[in-house]
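Structural features, examined
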Amino acid sequence: VTILYSGQLLGAMYDIRKTYVLTGIVMRVDPNPNHLQIFFAPLNEARDQVLKDDKGEPIVWAVEMDGAGNSARQGVSVNNFPRNTIMSIGLHPLRNGFPGGGRGQSGLFKCPADTPPAPGKHCDSVPGSTSHGEGVLPTPTGPAPERPAG
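Here is a short report on the structure shown in this document. Remember, it's a predicted structure, so these values are computed and weren't measured experimentally.

Tracing the backbone through its elements, the reader meets P82 in the loop between helix 2 (68–73) and strand 4 (86–93). Take P82: its relative accessible area is 38%, and that puts it in the partly exposed class. For the pair P82 and I25, spaced 57 residues apart in sequence, the C-alpha separation works out to 9.6 Å.

Another point: the state of the cysteines. The full count for this structure, using the stated rule, is one disulfide. Each sulfur in the disulfide pair C111 and C123 lies 2.1 Å from the other. Handedness here is read from the sign of the S-S torsion; for C111 and C123, about -105°, the answer is left-handed. With C111 in the loop between strand 6 (108–110) and strand 7 (130–131) and C123 in the loop between strand 6 and strand 7, the pair connects residues that are 12 residues apart, well separated along the chain. Taking relative accessible area as the criterion, C123 reaches 0% and is therefore assigned buried.

Quick look at the pattern of salt bridges now. One pass over the structure, following the stated rule, counts four salt bridges. With its nearest N and O atoms 2.1 Å apart, the salt bridge here joins R147 to D54. Remark: D54 occurs in the loop between strand 2 (37–42) and strand 3 (61–64) and R147 occurs in the segment after strand 7; sequence separation between them is 93 residues. Through salt bridges with shared partners, a single network forms among D15, R17 and K18.

In terms of nonpolar packing, the biggest core is built from 20 residues, with I38, F40, W61, M87 and L108 touching the most fellow members. For this core, the elements supplying multiple residues, two or more each, are strand 1 (20–30), strand 2, strand 3 and strand 4. Counting residues per element, this core draws most heavily on strand 1, at four residues. In this structure M87 touches L22, T23, G24, V26, I38, F40, F81, L108, F109, K110 and C123, once residues within four positions along its chain are discounted. One finds I86, F109, C123 and L137 within the second-largest nonpolar core, a separate group that totals nine residues.

Attention shifts here to the pairing of strand 3. By the alternation rule, side chains of strand 3 split into W61 and V63 and A62 and E64, which are all buried. In the sheet, strand 3 pairs with strand 5 (residues 100–102) via three bridges, with the strands oriented parallel. In the strand pairing of strand 5, A62 is matched with G100.

This next bit is on the pairing of strand 4. Most of strand 4 is tucked away: eight of the eight residues are buried. Along strand 4, one buried face is formed by I86, S88, G90 and H92 and the opposite face, lined by M87, I89, L91 and P93, is buried too. Here strand 1 runs beside strand 4; their pairing, made up of six bridges, is antiparallel. Along strand 4, the bridge assignment pairs G24 with M87. Strand direction decides the pairing type here: strand 4 and strand 6, joined by three bridges, are antiparallel. When the sheet's bridge partners are listed, S88 is paired in strand 6 with F109. Between strand 4 and strand 5, which pair antiparallel and follow one another directly, the connecting turn spans six residues, one of which, G97, has a positive phi of 85°.

Conventions we followed
- Residues numbered from 1 in each chain as written.
- Predicted model: local features only at pLDDT ≥ 70, side-chain atom pairs only at ≥ 80, totals over all residues.
- Heavy atoms only, no water.
- Helix = DSSP H or I, 4+ residues; strand = E, 2+ residues; numbered from the N terminus.
- Buried < 20%, exposed > 50% of the residue type's maximum accessible area, 1.4 Å probe, protein only.
- Disulfide = S-S within 2.5 Å.
- Salt bridge = Lys/Arg side-chain N within 4 Å of Asp/Glu carboxyl O.
- Core = buried A, V, L, I, M, F, W, Y, C linked by side-chain atoms within 4.5 Å.
- Contact = heavy atoms within 4.5 Å.
- Pairing = 2+ DSSP bridges.

Dropping the structure here:
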């Protein structure tokens, strides 16, 4: 997934009228100095497998956050969110329908290792989960598409 960013175009890039809350498995973290990104594969509602496309490949979303320095101060880094970490985050989706979005002021929660939330729940409901940055998981405006464009 390649996403191009240009400055302060939050309203132009993201549909700020929509808010999704997703729980998924970290695939990788890109510690870009301007906008750290977490690439993750959302889990199904049963929280027992990742969503897959028609070819059986995981659907990978990208969430853009603050720069790597500020994100690290919130405990978000390559080392603290390694591959296979289970996390929950709220985001405003990309306007073009591709699987990505901006965190905005949403909370980010990390589940304890190998401990997914109960079906339909998110990491903020799991005992021992950790919060990274300020904010709570927002109330979603609707479900994220299971098979977004792209």
